[in-house]
Each structure stands twice: as C-alpha cells, then as structure tokens.
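# Overview (structure and organization)
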Amino acid sequence: MVLAVLLALVTAAPASSLPRDFWGAVPQQPLTDAHLNRLQRGGVDSIRIPFFWVQPRPGAPLDLSGADAQVAALARAGLEPLPFLYGAPRWAVRPRHVPGDRSGATAPLRLPASGRAAQGWATFVRAAVSRYGPRGAFWTENPGIPRRPIRTWQIWNEQNFKYFVVRPNPAEYARFVRRSAQAIHAVDRRARILLGGLFARPAEAGLRFRPPRAFFAATFLERMYRSSPGIGSTFDGVALHPYSASFPQLPARIEEVRRVLRRHRDAGKGLWITELGWSSQRPSRGNSFAKGRRGQAAQLRGAFKLLRRNQGRWRLRQVFWFAVDDLAGSCNFCGGAGLFGPGFRPKPAWRAYVSFTGGRVR
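Residues numbered from 1 in each chain as written. Predicted model: local features only at pLDDT ≥ 70, side-chain atom pairs only at ≥ 80, totals over all residues. Heavy atoms only, no water.

### Description of the overall build of the protein
We apply this condition: The secondary structure listing takes helices from DSSP runs of H or I that are at least 4 residues long and strands from runs of E that are at least 2 residues long, numbered from the N terminus. Each radius of gyration is computed over the set of C-alpha atoms, and the globule rule expresses the reference value as 2.2 Å times the number of residues to the power 0.38. Partly exposed residues are those whose accessible area sits between 20% and 50% of the maximum for their type, while under 20% is buried and over 50% is exposed, using a 1.4 Å probe and protein chains only. Should any heavy atoms of two residues lie within 4.5 Å, those residues are counted as being in contact.
For the protein, the count of helices and strands is eleven helices and 13 strands. For 362 residues, the compact-globule estimate of 2.2 N^0.38 gives 21 Å, and the protein sits close to it at 20 Å. Counting every position in the protein, which comprises 362 residues, the buried fraction comes to 54%. Considering only residue pairs separated by 6 or more positions, the protein has 71% of its internal contacts joining residues 24 or more positions apart.

### Section: the side chain of Asp266
Stated formally: In this count, Lys and Arg are taken as positive residues and Asp and Glu as negative ones, while His and the chain termini are left out. Salt bridges are defined as contacts in which a side-chain nitrogen from Lys or Arg sits within 4 Å of a carboxyl oxygen from Asp or Glu. Pairing of N or O atoms within 3.5 Å defines a polar contact, subject to two protein rules: one partner must be a possible hydrogen donor and the other a possible acceptor, and residues neighboring in sequence count only if both atoms are side-chain atoms.
Within the element layout of this structure, Asp266 appears in the loop between helix 8 (250-263) and strand 10 (270-273). For the buried Asp266, no salt bridge is present, and the opposite-charge side chain at shortest range is Lys269, 4.1 Å distant. A polar side-chain atom of Asp266 sits 2.6 Å from a polar atom in the side chain of Tyr225. If near-sequence neighbours (up to four positions away) are discounted, Asp266 is found in contact with Tyr225, Gly232, Arg258 and Leu261.

### A closer look at the nonpolar core
Here is the rule: As used here, the term nonpolar core means buried Ala, Val, Leu, Ile, Met, Phe, Trp, Tyr and Cys residues forming a set that is joined through side-chain atoms within 4.5 Å.
Ranked by size, the top nonpolar core spans 113 residues in total, and within it Leu39, Phe51, Leu85, Trp153 and Tyr173 carry the most contacts. When residues of this core are assigned to their parent elements, the largest contribution, eight residues, is made by helix 4 (residues 115-132). In contact with Leu85, not counting residues within four places along its chain, are Phe51, Trp121, Phe124, Val125, Ala128, Trp153, Gln154, Ile155, Trp156 and Ile184.

### Brief notes about the packing of aromatic side chains
The cut-off we apply is this: Ring geometry is summarised as follows: Phe, Tyr and Trp rings, the Trp one being its six-membered ring, pair when their centres sit within 6.5 Å, and such pairs are stacked at plane angles under 30 degrees, edge-to-face over 60 and tilted between the two.
Per the counting criterion, the structure on display carries 36 aromatic pairs. Taken together, a centroid distance of 5.9 Å and an interplanar angle of 55° make the contact between Trp23 and Phe356 tilted. Of this pair, Trp23 sits in strand 1 (residues 23-26) while Phe356 sits in helix 11 (residues 348-357); the two residues are 333 residues apart in sequence, bridging distant segments of the chain. Summarising the burial analysis for this pair, Trp23 and Phe356 share the class buried. Taking the centre distance of 6.1 Å and the plane angle of 70° together, the rings of Phe52 and Tyr86 count as edge-to-face. Of this pair, Phe52 sits in strand 2 (residues 46-52) while Tyr86 sits in strand 3 (residues 80-86), placing them 34 residues apart in sequence. With a relative accessible area of 12%, Tyr86 lands in the buried category.

Honestly, it's all geometry; don't read function into it.
Dropping the structure here:
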C-alpha cells in the first residue's frame with residue numbers, strides 16, 4: 001500500500017509552472033560574492049538567512065550590521081533572501097543548557113513572548129522591516145545596491161524542538177506569532193508572515209519528558225490552533241523541515257501537516273520546505289542521514305522530483321536544500337550536508353540540484 005501511494009505521488013500530474021523563487025538553499029556560514037554568484041548561475045533562486053536579535057542592553061541601539069552584510073551580498077548576486085527572525089539577548093531571555101545534550105549546547109529557555117522581552121522583540125522586528133522592507137532605509141542609504149525589498153518574514157526556527165527553545169510551548173508560540181505579525185504589519189501591511197520551520201518528527205517528541213522537550217510538527221500546529229482561536233488569520237504560510245531517513249518518507253510528513261490545516265479550514269495556506277537534506281558522509285549505523293556522496297545526490301533527486309510533481313497538491317511555495325556548504329560539529333549531519341565541500345568544490349548533489357533548476361553547473 002505504501003509503495004502504491006508513493007508511486008501515485010511521484011507520477012502525479014505536474015503543475016504547469018513552479019512558483020517564482022521556488023528553489024532555495026541554506027548556507028551554514030557566510031559565503032563570498034563569488035560563491036553566491038555561482039549559486040545564482042546554478043539556478044538557485046533564494047537563500048534562507050538568520051536575522052539575529054543583537055542588543056547589548058534594554059534600550060540600546062540594535063546591531064543590524066550582520067543583516068546589512070547578508071542583504072547587500074544577496075542583492076548584488078541577484079538572490080532573494082528569506083530571513084528568519086531569531087534569538088534573544090541574555091537580558092531578555094536567559095539561555096539554558098539543552099537537556100540531554102552532551103556538547104554543552106544552549107538555547108533560550110523560552111520565547112521572548114512576554115514582559116520587557118516581548119517589547120524588545122517587537123522593537124527588533126519593526127526595525128528589521130523598517131530597514132529592509134519596501135520603504136526600507138537600507139535601500140535609500142545604499143543606492144548602488146540593487147533594490148530587493150524583503151516582503152516575507154519567518155518567525156523563529158524549529159520552535160517545536162529543544163535546540164531552539166529549551167521548553168517548546170505551542171500556546172506561547174501562538175502568542176509570539178500574533179505579536180510578531182502585529183509588529184511586522186505596523187510597518188508593512190502587505191508583508192507575508194511564515195511560521196518558523198517545524199522539525200517534522202523529532203525523536204524526543206515520542207518520549208514522555210516533563211516539561212516536553214519536543215513536539216511532532218503536526219501536534220505542535222494542532223495545539224497552536226486549539227490554544228489561540230483565530231491564530232490562522234495572523235500568518236500566511238506554514239514552514240516544515242521534513243528530515244527523514246530517505247525521501248519516500250516525505251509524503252507522510254507533509255500530509256500530516258496539511259491535514260491539520262484542512263481541519264482548521266486553512267487548506268488554502270501555502271507550505272514552505274525551509275530545510276531538507278541528507279549528508280555525503282559515509283553511511284553508518286548511528287546516522288541515518290549519512291548517505292555517501294552518490295547517495296546524497298540520489299536522495300536529492302528523489303525528493304525534488306517528488307516535491308516538484310506534487311507542488312500543486314501540497315501547495316508548495318518554496319523548497320530550500322540544507323545546506324550550501326559543510327560545517328562540521330553543528331549537527332549530526334551538518335559536516336556533510338553541503339552541495340559543496342571544502343574549498344567550495346561541488347559534490348554530485350550540486351549537479352543533481354542544477355538538473356532541476358535548469359542552471360549552469362559551473
């Protein structure tokens with residue numbers, strides 16, 4: 001039965017055309033202009049980047065220098081940015097050790113959703129939209145940079161998983177989205193709001209920790225709706241990170257989220273895949289994401305074919321491969337997740353990626 005369903009999905013009638021800026025990628029570290037230009041030649045449309053809330057103390061000037069550099073570089077390369085707004089200074093939310101992690105990783109204990117933290121967050125969000133939106137000061141201050149105003153904003157990242165908020169809480173995130181949307185629309189009424197990328201099925205979501213350390217994406221979204229009537233009116237799309245051992249598992253991860261949207265009369269909302277990938281590291285028993293160089297390319301081809309063929313059915317708006325480059329130590333497969341290896345040397349996965357975009361390999 002599973003095979004029959006998968007074959008039906010793979011052979012579904014293709015959409016007449018893919019949405020604008022459909023193919024994207026996620027860098028793990030800053031890229032040079034030459035690297036970004038190569039991605040653009042290869043047919044990459046969009047780059048997902050973090051906008052960090054950096055502010056040394058309450059009321060102090062915000063530091064947007066990192067965002068300035070990223071936005072400028074992407075504009076020069078002709079690439080569309082998709083920023084996710086993330087992070088909190090220590091004065092707003094104290095970081096805590098991620099429970100069960102042996103590397104010493106920390107994350108905000110909770111979201112900056114109340115008190116002075118919420119006020120500071122709203123100030124940060126309004127400043128980002130005011131600077132990079134359609135009437136943004138960044139564009140008037142830099143007339144030599146091609147004008148590419150940001151109109152889509154993503155709120156946080158993997159808010160259902162302990163590595164990005166130690167105590168994930170669907171009701172708190174719903175309040176957070178509502179406040180964030182108000183701040184964004186106060187500056188740009190037509191801006192598009194995306195939920196942070198939900199990790200589809202973190203293993204710890206199936207364990208009974210108190211308080212919870214993770215939620216399945218569909219469960220988290222369902223509880224958001226139940227805790228906050230009318231929350232659907234505050235966002236335009238849902239983002240998903242459907243990581244899996246192999247691409248045939250993608251339909252189940254996508255369909256369970258789409259069922260939640262249908263149940264709450266939001267079937268018309270788009271779905272963004274803001275992270276998806278496998279590693280070129282040598283396969284091992286302890287890492288189901290490690291596929292080897294050829295295996296990584298095979299997973300990309302299978303996943304992209306599936307997503308392209310079912311773009312209309314799943315209302316997919318953009319797909320971002322994680323990652324552009326390798327970065328060892330940041331996650332259990334990040335050291336081999338890139339389309340490019342050390343020295344920005346292309347892997348077989350890059351050639352596979354370009355076969356879908358219609359771009360140039362070199």
